[in-house]
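Chain by chain, the residues:
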Amino acid sequence: MTPPQTPETRLALDPARTALVLVDLMDRIVALPLEPYKGTEVLSVAEELAAAFRSAGAPVVLIRVERPGITEQPSGSGLAAGLAKDGDLKIVKQTLGGFQGTGLDERLRQRGVDTLVFGGIATNLGVESTARAAGDLGYRLVFAEDAMSALTEAEHQASVKLDFPRLGSVVTAAEVSLTPSG
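It should be emphasised that the depicted structure is a prediction, and the values quoted were computed from it without experimental measurement. (Residues numbered from 1 in each chain as written. Predicted model: local features only at pLDDT ≥ 70, side-chain atom pairs only at ≥ 80, totals over all residues. Heavy atoms only, no water.)

Caption draft 1: Focus on helix H5 (residues 153-167). Here H5 spans 20 Å end to end across 15 residues, near enough to the 21 Å set by a 1.5 Å rise per residue. Its maximal kink placed at Val160, H5 deviates by approximately 30°. Those residues of H5 lying buried are His156, Ser159, Val160 and Phe164. Elements in contact with the buried residues of H5: helix H4 (123-136), strand E6 (140-149) and strand E7 (169-171). (Helix = DSSP H or I, 4+ residues; strand = E, 2+ residues; numbered from the N terminus. Expected span 1.5 Å × (residues − 1). Bend = angle between axes of the 7 residues up to and from the residue. Buried < 20%, exposed > 50% of the residue type's maximum accessible area, 1.4 Å probe, protein only. Contact = heavy atoms within 4.5 Å.)

Caption draft 2: Main features of the environment of Ile91. Within the secondary structure layout, Ile91 lies in strand E4 (residues 89-93). Of the residues examined, Ile91 reaches a relative accessible area of 2% and is grouped as buried. Ignoring sequence-local partners within four residues, the contact set of Ile91 consists of Val61, Leu62, Ile63, Arg64, Gly98, Thr102, Leu104 and Arg107.

Caption draft 3: Representation of unusual backbone geometry in the model. Going from Glu35 to Pro36, the amide bond is cis rather than trans, its omega being -5°. Residue Ala122 follows Ile121 across a cis peptide bond; omega there is 0°. Looking at where Ala122 falls in the secondary structure, it is placed in the loop between strand E5 (115-121) and H4. The phi dihedral of Asp24 falls on the positive side, at around 55°, and the residue is not glycine. Looking at the secondary structure, you find Asp24 in the loop between strand E2 (18-23) and helix H1 (27-30). With relative accessibility at 5%, the residue Asp24 sits in the buried group.

Caption draft 4: Structural detail: the nonpolar core. If you look at the biggest cluster of nonpolar residues, it comprises 33 residues, and the most contacted ones within it are Leu20, Leu22, Leu25, Leu49, Phe53, Val117 and Ile121. Every element with two or more residues in this core is listed here: strand E1 (11-13), E2, H1, helix H2 (39-55), strand E3 (60-65), E5, E6 and strand E8 (176-178). Looking at which element gives the most residues to this core, the answer is H2, with seven residues. Among residues more than four places away in sequence, those in contact with Leu25 are Val30, Val42, Leu43, Ala46, Ile63, Gly78, Leu79, Ala80, Leu83, Gly120 and Ile121. In terms of nonpolar packing, the next biggest core, distinct from the first, is built from 22 residues, Val21, Ile91, Met148 and Val160 among them. (Core = buried A, V, L, I, M, F, W, Y, C linked by side-chain atoms within 4.5 Å.)

On their own, these measurements won't tell you what the molecule is for.
Dropping the structure here:
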């Protein structure tokens, strides 16, 4: 359990310039044996973050993967039930990351977004690939460590301890605070 955050320990983000990006929160992926957090735990934290972003008027981006070249996607390939709400940006990718060939960058730029907060599954695959592309495109990156998980704890930890600190800020979901700039 994360201790309560004081205003001094929270990361203040402008909701007019920040989007939440949730990667591959699909039933078949949430159901995988994941570490260090179960898929249902990740989904719960992601849903709380999404509700906070929507409440603040900040965009929520939901990315899911479809396998290319097949006529029917595997069972459980839609977004987790109840995750998507009206107004969310829904992106379908056919690559590991969420930017290639999806129009995501253009849609974010149209909304004036320059900061992305990440969550999803798997930390070291879809989340990291999408984040690396976002970094290359000049976005400020924030990683909600408890809103993501991987197939092994070692894979998750390698991303959040070694890679993500070089790309942006690693925080807990409770440390994300949306505060309009004035």
